[in-house]
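For reference, the chains in residue letters:
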Amino acid sequence: MTFDDFQFDYDLMDGLDAMGFNKPTPIQELAIPVILAHKDLIACAQTGTGKTAAYVLPIIDKIISSNHSHLNTLILAPTRELAVQIDQQVQGFSYYVPVSSIAIYGGGDGAIWDQQKKALKAGADIIIATPGRLISQLASGDIKLDKLEHFILDEADRMLDMGFYDDILKIISYLPKNRQTILFSATMPPKIRTLASKILDKPEEISIAISKPAEGILQQAYLTYDAQKIPLLSEIFKANSYQSVIIFAGTKERVKSLQFELKRIGLKAKSFHSDLEQKEREDLMNEFRSRKLQVLIGTDILSRGIDVDGIDLVVNFDVPPDPEDYVHRIGRTARAESKGTAITFINEKDQRRFHAIEALIEKEVPKLSLPIFLGGAPVYAPNTRRSEPKQRFKPRRK
Ligand code: ADP
Ligand code: MG
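Residues numbered from 1 in each chain as written. Chains lettered and ligands numbered in written order. Predicted model: local features only at pLDDT ≥ 70, side-chain atom pairs only at ≥ 80, totals over all residues. Heavy atoms only, no water.

S.K.: Describe the packing of aromatic side chains, with residues and values.
M.R.: Throughout the structure, instances matching the rule amount to 9 aromatic pairs. Aromatic pair Phe21 and Phe93: ring centres 5.3 Å apart, planes at 85°, arrangement edge-to-face. Placement of Phe21 in the loop between α1 (10–18) and α2 (26–36) and of Phe93 in helix α4 (residues 80–93) is noted, with a sequence separation of 72 residues between them. Assessed through its relative accessible area of 21%, Phe21 is described here as partly exposed. Among the residues examined, Phe93 registers a relative accessible area of 0% and is labelled buried. Between Phe317 and Phe345, the ring centres sit 5.7 Å apart and the planes meet at 55°, which makes this aromatic pair tilted. Taken together, the positions of Phe317 in the loop between β12 (313–316) and α13 (323–330) and Phe345 in strand β13 (residues 340–346) put the pair 28 residues apart, joining distant regions of the chain. Neither residue differs from the other here; Phe317 and Phe345 are each classed as buried. Within the aromatic cluster, the residues linked to one another by ring pairs are Phe3, Phe6 and Phe8. (Phe/Tyr/Trp six-rings, centres within 6.5 Å; stacked < 30°, edge-to-face > 60°. Helix = DSSP H or I, 4+ residues; strand = E, 2+ residues; numbered from the N terminus. Buried < 20%, exposed > 50% of the residue type's maximum accessible area, 1.4 Å probe, protein only.)

Spelled out as structure tokens, the structure:
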């Protein structure tokens, strides 16, 4: 599945491209169609699985074709930091479309209060708010939420942990009954169910469980420029005596060229890809299983399901685009209690992807220094934006 399948507005797709999003995550695949179909939704998926875009994208798409004359969408988030982060994603995705947003959170001076009030009165398309400040703004009157179409509770579990239950109900008392309500949560304790039954109307339910990498896997990463990858691989093989190695690359063309390059540095490697006949694949797997072949190179079709014991090293020559594929790939080593190493090469372009992986596995993977003779490495700065939104509150295009 690709983002094209949702038939989003053309300009919204440009925003997606600019943000470096190529393929929807599992929660996005499941949640986006439900939200586009105007149904209430309760969705549960672990941290780092892309929940923000799962609701922000369909909402922006719907707003593009609306008349923009009123506050359209309210997103509630537990903390100021999260509200700001969500607002940044909204601004990033809507960079090329006439959709306005504002984050409403506590603190700041009177000028900020006035700016928030002004945006609320003018009717920004999307408000991202923390409960306390929103209630103060609502209590001071003059803000019309009666035409609101979407109400989203992000990190609902955390919101309840922080004692916002009554605030949430209070805010809902200002909202129209015929809105669409969407609840996202990383966990689904009973109190979330209670809240959901109170505020959602015949909701669809989505829940995604994901396996974590096994404890026995030693995960490491190198920040590299592309030209440093082959010499680095050569060094890694010189410094250790690995017997059974899988190297993953992004495409089958890349897999084939890698086989050639590895041969030049003296490694006996063969490639596994979709162009091989079934018989050729089986022979190759047998050769690898019986340790006659030291290195197998493949795309992600190798990452799901193949069952070979005793692989001692997995190399991600490129960072997989889908964070779950990382878990599948490195799961090829350290099976059944054994130990194994997983090394990932991260070029500058892949830093964002790797950051999403670290969010998914809820762990920072140690970044090792390159051997000195390979020269300097890129700095890890995955959050650097490629294009900055110009203004916080964009004037509406009439
Ligand atoms: P969650 O809310 O589930 O914890 P986020 O929405 O914050 O996760 O997303 C985690 C990271 O993954 C962010 O850096 C986000 O930009 C990135 N991300 C989300 N979806 C995609 C995608 N489809 N492609 C690439 N990166 C993505
Ligand atoms: Mg989130």
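Now, onward.
S.K.: Pulling in residues and values, what's your account of the side chain of Gln220?
M.R.: Within the element layout of this structure, Gln220 appears in strand β8 (residues 217–223). Residue Gln220 is classed as buried on the basis of its relative accessible area, which comes to 17%. The residues touching Gln220, leaving out its near neighbours within four places in the chain, are Thr341, Ala342, Ile343, Thr344, Val365, Pro366 and Leu368. (Contact = heavy atoms within 4.5 Å.)

S.K.: Go over the domain arrangement of the protein chain, please, and point to the residues and values.
M.R.: In many reports, interface size means the accessible area that the parts give up when they come together. Annotation of the protein chain at the domain level lists domain 1 (3–207) and domain 2 (217–374). Spacing between the C-alpha centres of domain 1 and domain 2 amounts to 39 Å. At the interface, 8 residues of domain 1 touch 8 residues of domain 2. With both chains or domains summed, domain 1 and domain 2 bury close to 690 Å², and 46% of this area falls on carbon and sulfur atoms. Inspection of the region where domain 1 meets domain 2 yields 1 salt bridge. Across the pair Asp322 and Lys23 runs a salt bridge whose closest N-O atoms are separated by 3.6 Å. Linking domain 1 to domain 2 there are 1 residue pair in polar contact (both at pLDDT 80 or more). (Domains from an automatic or database assignment. Buried area = accessible area lost by both parts, 1.4 Å probe. Salt bridge = Lys/Arg side-chain N within 4 Å of Asp/Glu carboxyl O. Polar contact = N/O pair within 3.5 Å; in protein donor to acceptor, adjacent residues only side chain to side chain.)

S.K.: So, the pairing of strand β9 (residues 245–248): which residues are in play, and what are the values?
M.R.: With burial as the criterion, each face of β9 is covered, one bearing Val245 and Ile247 and the other bearing Ile246 and Phe248. For β9 and strand β11 (residues 295–298), the ladder comprises 4 bridges, and the chain directions are parallel. Along β11, the bridge assignment pairs Val245 with Val295. The pairing of β9 with β12 spans 4 bridges and is classified as parallel. (Pairing = 2+ DSSP bridges.)

S.K.: Quick one: what's the story with the pairing of β8, residue by residue and with numbers?
M.R.: A large share of β8 lies buried, amounting to 6 of its 7 residues. As paired elements, β8 and β13 share 7 bridges and run parallel to each other. The residue bridging Ala221 from the neighbouring strand is Thr344, located in β13.

S.K.: Describe the site of ligand 1, and please don't skip the residues or the numbers.
M.R.: Taken together, 16 residues lie around ligand 1, and Lys23, Gln28, Gly48, Lys51 and Thr52 are the ones closest in. Within the backbone of Lys23, one N or O atom sits 2.8 Å away from a nitrogen atom of ligand 1. Residue Gln28 places a side-chain N or O atom 2.9 Å away from a nitrogen atom belonging to ligand 1. In the complex, 83% of the free accessible area of ligand 1, which totals 570 Å², lies under the protein chains. Residue assignment for the shell around ligand 1 shows that the elements contributing at least two residues are α3 (51–64) and α14 (351–361). (Near = heavy atom within 4 Å. Areas by Shrake-Rupley, 256 points an atom, 1.4 Å probe, with all protein chains shown as cover.)

S.K.: Requested: an account of helix α6 (residues 131–139), with residues and values cited.
M.R.: Inspection of α6 places Pro131, Arg133, Leu134, Ile135, Gln137 and Leu138 among the buried residues, and these make up the whole buried set. Looking at the buried side of α6, the elements it contacts are β2 (73–76), β3 (101–104), α5 (110–122), β4 (126–129), α7 (156–161) and α8 (165–172). Following α6 by one or two positions, Gly141 has its phi on the positive side, about 85°.

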